[in-house]
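Here is how the chains run, residue by residue.
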Protein chains: 2
Amino acid sequence: MNIYDISKQAGVSIATVSRVLNGSPNVKPSTRRKVMEVIDRYGYTPNAFARGLGLDTMNSIGIICADSSDLYLAKAVYYIEGSLRKNGYNCILTCSGYDHGDKEAALALMLNQRVDAVILVGSNYIEADREGNGYIMNAAGRIPLFLLNADMDCPNVFCAMCDDFKAMQEASLALIDSGVTDILYLYNSHSYSGLRKLDGYRSACRMREIPVADDLMQFYDGSREDIDGVCRFLCGLRKQGLVFHAVLASEDMLAAGAVKYAKLNGIAIPEELSVIGYNNSLLTTCSNPEITSIDNQLETLCYQLTKTCIGVLSGEKMPPKIIYSGELVEKETTRLSPGPLDAADGR
Amino acid sequence: MNIYDISKQAGVSIATVSRVLNGSPNVKPSTRRKVMEVIDRYGYTPNAFARGLGLDTMNSIGIICADSSDLYLAKAVYYIEGSLRKNGYNCILTCSGYDHGDKEAALALMLNQRVDAVILVGSNYIEADREGNGYIMNAAGRIPLFLLNADMDCPNVFCAMCDDFKAMQEASLALIDSGVTDILYLYNSHSYSGLRKLDGYRSACRMREIPVADDLMQFYDGSREDIDGVCRFLCGLRKQGLVFHAVLASEDMLAAGAVKYAKLNGIAIPEELSVIGYNNSLLTTCSNPEITSIDNQLETLCYQLTKTCIGVLSGEKMPPKIIYSGELVEKETTRLSPGPLDAADGR
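Draft legend 1. Inspection of the sheet that holds strand E4 (residues 145–148) of chain B at higher detail. Taken together, the 12 strands give an open sheet; going across it, the order is E11(A)-E5(A)-E4(A)-E3(A)-E1(A)-E2(A)-E2(B)-E1(B)-E3(B)-E4(B)-E5(B)-E11(B), and neighbouring strands pair in mixed fashion. This sheet does not close on itself; its edge strands, each paired only once, are strand E11 (321–324) of chain A together with strand E11 (321–324) of chain B. The average angle at which neighbouring strand axes cross in this sheet is 20°, direction not considered. Here E4 of chain B pairs with strand E5 (residues 157–162) of chain B via four bridges, running parallel. When the bridges of E5 of chain B are listed, Phe146 of chain B appears paired with Phe158 of chain B.

Draft legend 2. Structural view of helix H10 (residues 227–239) of chain B. With 13 residues, H10 of chain B extends 19 Å from end C-alpha to end C-alpha; this agrees with the ideal 18 Å at 1.5 Å per step. Within the span of H10 of chain B, buried status applies to Ile227, Gly229, Val230, Cys231, Leu234, Cys235 and Leu237 of chain B. Contact partners of the buried residues in H10 of chain B: helix H12 (282–286) of chain A together with strand E6 (183–187), strand E7 (217–219) and helix H11 (252–264) of chain B. Downstream of H10 of chain B by a residue or two, Gly241 of chain B has a phi angle that is positive, lying close to 95°.

Draft legend 3. Region of interest: the sheet that holds E7 of chain B. Residue and element names in this part refer to chain B. On the basis of which strands lie adjacent, the open sheet formed by six strands has the order E7-E6-E8-E9-E10-E12 and mixed pairing. With one partner strand each, in any of the chains shown, E7 and strand E12 (327–329) form the two edges of the open sheet. Within the sheet, the average angular offset between the axes of one strand and its neighbour, ignoring direction, is 20°. Packing of H10 onto the sheet brings it into contact with E6 and E7, and relative to E6 it is tilted by some 140°.

Draft legend 4. Focus on the environment of Cys95 of chain B. With respect to the secondary-structure elements, Cys95 of chain B resides in strand E2 (residues 90–95). Judged by relative accessible area, Cys95 of chain B falls into the buried class, the value being 2%. It is 7.7 Å that separates the C-alpha atoms of Cys95 of chain B and Ala106 of chain B, two residues lying 11 residues apart in sequence. In this view, Cys95 of chain B contacts Tyr78, Glu81 and Arg85 of chain A together with Cys65, Ala66 and Ser68 of chain B; residues no more than four positions away in its chain are not counted.

Draft legend 5. Up close: the pattern of salt bridges. Residue and element names in this part refer to chain A. Overall, the coordinates contain 26 salt bridges over all chains when judged by the stated rule. The residue Lys321 makes a salt bridge to Asp151 at a minimum N-O spacing of 2.7 Å. Taken together, the positions of Lys321 in strand E11 and Asp151 in the loop between strand E4 (145–148) and strand E5 (157–162) put the pair 170 residues apart, joining distant regions of the chain. When salt bridges with common partners are traced through the structure, they connect Asp151, Asp153 and Lys321 into a single cluster.

Reading the values: the criteria
Along each chain, residues carry numbers from 1 onward, in the same order as the chain's sequence is written. Key to labels: chains lettered from A, ligands numbered from 1, both in the order written. Where totals are concerned, whole chains, interfaces and linings use all residues; where local detail is concerned, this predicted model gives features only for residues with pLDDT of at least 70, and gives and counts side-chain atom pairs only at 80 or more. Excluded from the side-chain calculations are hydrogens and water; all other atoms, namely the structure's heavy atoms, are used. Any two strands are treated as partners once DSSP identifies two or more bridges connecting them. Helix and strand definitions here come from DSSP, where helices need a minimum of 4 consecutive H or I residues and strands a minimum of 2 consecutive E residues; each element is numbered from the N-terminal end. Interaxial angles span 0 to 180 degrees and are taken between N-to-C directions of axes, which are lines fitted to C-alpha atoms, for helices over the stretch in contact. In a helix, the anticipated span is given by 1.5 Å times the number of residues less one. Buried, partly exposed and exposed residues are distinguished by accessible area as a fraction of the type maximum, computed with a 1.4 Å probe on protein chains only: under 20%, between the cut-offs, and over 50%, respectively. The contact definition used throughout considers only heavy atoms, calling two residues in contact when any of these lie within 4.5 Å. Take a side-chain nitrogen of Lys or Arg and a carboxyl oxygen of Asp or Glu: if they are within 4 Å of each other, that pair is a salt bridge.

See below:
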């Protein structure tokens, strides 16, 4: 039952119902009573009432991300907020951090805010084990959920993602096929998307029959803003005798650290070390040389996810999954496909 | 009149009033009538009613910024959201863009959202001419407003800011006193804060009796993410014959462009060109060499502003202005204060 039904049953206009629900004083007591009687008769739950009440003032959608100051997540929040606002929705923003318990609490709190839907921004809301995702499934029993860069099969959950596996597989193959050996895979997240990227690298190695060495898959667990920390981490690996001629990174920040590492140690890029990042962010052009990176079509993904969200809330049947392909954008830290000129003059 | 008054007048508990206001079915019709009669008698305005209604569910504060994907603004939104959330407030986020009309519309829309207060993030909400700020003064007549990095004298408006004038003045003096000549001041915003910074540079020149040349104050009006665009802009100035031995930039992004410009033209940093940025962001450590920059204490400012906001909403008397000093963080793009060693060996 919604505000239209109340209006019909009480025999008053929708505007009048809205005024009653909003507590406006410009309603005759007899009219107010009539409306409240209908509400009493049909046994409103507070929540449904609140939604009806909000007809002209709520229309809120919750956005939860781990850290809205992260370069990539900030962009996503910006695109999503803009797209929802253009369609008349307010955005309630919550930053949950990366801890599982905090993420669960953030979603629970958001459900209490009378939002019409929640958008979870970033792949880190999905755990590798199915049980870790119970909190999402429960929430989806109450309102539709929309996941950016995550994949989940559950009624009332809708996903828009980049095929990170394929994107990283293609980047790995491009590196291998350009003649680069000893590729170090550097990552900093065990999120769903993080593991898919790692699998993409592994799969490429298998396709080219290259052994996947454990010490060529390194996890960096320092701060997400500590580029110098990444540089020190790589210096440490080098000191331990690890040989690598490429750094394939799951994030641009890590790739920026690799560029600094090369500079510090007098290693020529890309001649002695190739570097590839992920997200194609501002860091890739700030770095010198500019970093080859994978563009995972963030703006398109955000646009499609909000389109799905608005469709679902309007009662349309929308696809539960939308998958895009990433695109490798070559800049100065790699030489992946030597052009005819390079080949001719033997460079 | 608030929910406590209604409870007293109607002779029922606050919980019961809350249930009535929320439309809960678990209220006897006679009790509901009693509560509604009190409400009728005292002539509630919809807004006050809504606030009362929201006692346990609203507590919303609006955050408006030009672009939440901007590195600096994203950090500010992150700090503010986190601090407010810890204090039990929800944040409704709106990105307004940089256009004056759009900013005005964003604030007007936010006022319709029943928020308890609005925080305007970034100095660009204040116009140099007083009339351009009428929309803020009007809004302050309805709810308290909180300005980050802007200065405004108006009842119900509270500001937390860094003294950009002083910070830029000190950076300019440090450059001049280190012996650098022909300092190019590069900026990309005519916002209040942008003009204060420019004034700081001018004032330093006057203090050291250096003529302030018009062509050494250059405005870059390209995209805020186009580092290569800044590089091209500087190459253009050089081609026109402009001589400069330092770039003092109003934003790190511009400074990153200056570093690229130097690399491209074989200009040694800091020997032939000193570079100073503003905000001390991730870009300063991503760049190679790392960029000397002004830290304007963003986290502290955000913390103080939300503290003021929470105080005001609790009915406490809070200071209308809080001003912090910026701090020059020297990295690799300058040599401002030669240590005794440098002086001794003549470097």
